[in-house]
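Chain residues, written in single-letter form:
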Amino acid sequence: MDKKNRKAIIAGNWKMNKTATEAGLLLDDLIPLVEYAGCEVVVCVPFTDLKTAVDKCAGTNLHVGAQNVHFEKSGAYTGEISADMLVDLGVEYVVIGHSERRQYFAETDETVNKRTRAALAAGLKPIICVGESLTQREQGVTEELVRLQVKVALLGVSAEELKNVVIAYEPIWAIGTGRTATADQAEEVCAAIRKVVGELYGEDAAKALTVQYGGSMNAGNAAELLSKPDVDGGLIGGASLKADQFAVIVKAAAEG
Ligand code: PGA
């Protein structure tokens, strides 16, 4: 299976931006711009915007994602949101293990694995984020580190469940910095991710896996990044908050 047969997915990660009212306005702008997108388009919005997003996106080609999920089904976990709560709202995707969660909220490979399994068990599609810091890149351990992150994230995930998994390669040094990985750097690591998934689940599963790049992807650089054979889509932060820019990236993915 080559790239053309895989699902290209462009997902916006709004992070902690937009009130529910603002989210509605942004989606009003975005929906017509991506109406005929030739790829899957997802908006991963703050928890408080999910209901608005699900309602607005109903009957459109946009899919809605959350930005985190707790791994327990229910119970005394003040402030947390379960996978069942997301599914009940009509949420389809969930970002797991974003580097900002790893950096500021003590997320580890182990909790990424727990969240991934909980999400899959509830029927959500996890977008699992992996990626190295600048120091780790300079130390030459990027591939080893990313392989480990992927392996631990997928512990206990069945081959059937893997069909619902998306992996996003997000070099930490490229997130929100305006410093994008070169297309060759993105390709190298996305290919390494596909390779390790192949080792774990076999060639066919690896070929079917959607691997995204994320980190300062924007309207200007998306086409080159998305033209690479193992870059199947993008996880977009800053540029997903501007409907026109995001739409350009969506178009680039359909052509990539
Ligand atoms: P950025 O964020 O596009 O603003 O760099 C990407 C991400 O964190 O997913």
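Residue indices begin from 1 for each chain and proceed along its sequence in written order. The predicted nature of this model means local features are confined to residues of pLDDT at least 70 and side-chain atom pairs, given and counted, to a pLDDT of 80 or more, with totals for whole chains, interfaces and linings taken over all residues. Note that water and hydrogens are dropped before the side-chain values are worked out from all heavy atoms of the structure.

Undergrad: Any chance you could explain unusual backbone geometry here in plain terms?
TA: If a residue is not glycine, its phi is most likely negative; likewise, a peptide bond is most likely trans. In this structure, Lys15 is a non-glycine residue whose phi angle is positive, near 55 degrees. Along the polypeptide, Lys15 turns up in the loop between β1 (9-13) and α1 (20-33). The phi torsion at Ala106 lies on the positive side, around 60 degrees, for a residue other than glycine. By secondary structure assignment, the location of Ala106 is in the loop between α4 (99-104) and α5 (109-122). The helix count covers DSSP runs of H or I at least four residues long, the strand count covers runs of E at least two residues long, and both are numbered beginning at the N terminus.

Undergrad: Got a minute to help me understand the site of the ligand in this structure?
TA: We call a residue near a given molecule or strand whenever any one of its heavy atoms falls within 4 Å of it. In the vicinity of the ligand lie 13 residues, with Lys15, His98, Glu170, Gly176 and Ser216 positioned nearest. Here a polar contact is recorded for every N or O atom pair within 3.5 Å, except that within protein the pair must consist of a potential hydrogen donor and a potential acceptor, and residues adjacent in sequence are included only if both atoms are side-chain atoms. In the model, an oxygen atom of the ligand is placed 2.9 Å from a nitrogen or oxygen of the Gly237 main chain. Note that accessible areas follow from Shrake-Rupley with a 1.4 Å probe, and for residues the cover is restricted to the protein chains shown. When isolated, the ligand has an accessible area of 280 Å², and the protein chains bury 95% of it. Looking at side-chain class alone, the shell around the ligand contains four nonpolar, seven polar and two charged residues. Think of it as three bins: nonpolar holds Ala, Val, Leu, Ile, Met, Phe, Trp, Tyr, Cys and Pro, charged holds Asp, Glu, Lys and Arg, and polar takes everything else, Gly as well.

Undergrad: Any chance you could explain the environment of Leu162 here in plain terms?
TA: Topologically, Leu162 is positioned in helix α8 (residues 159-162). In this scheme, a residue with accessible area under 20% of its type's maximum is buried, one over 50% is exposed, and one in between is partly exposed, where area comes from a 1.4 Å probe on protein chains only. On the accessibility criterion, Leu162 (4% relative accessible area) is buried. By definition, residues are in contact when any of their heavy atoms lie within 4.5 Å. The residues touching Leu162, leaving out its near neighbours within four places in the chain, are Leu154, Val157, Val197, Tyr201 and Ala205.

None of the figures reported here should be taken as evidence of function without further support.
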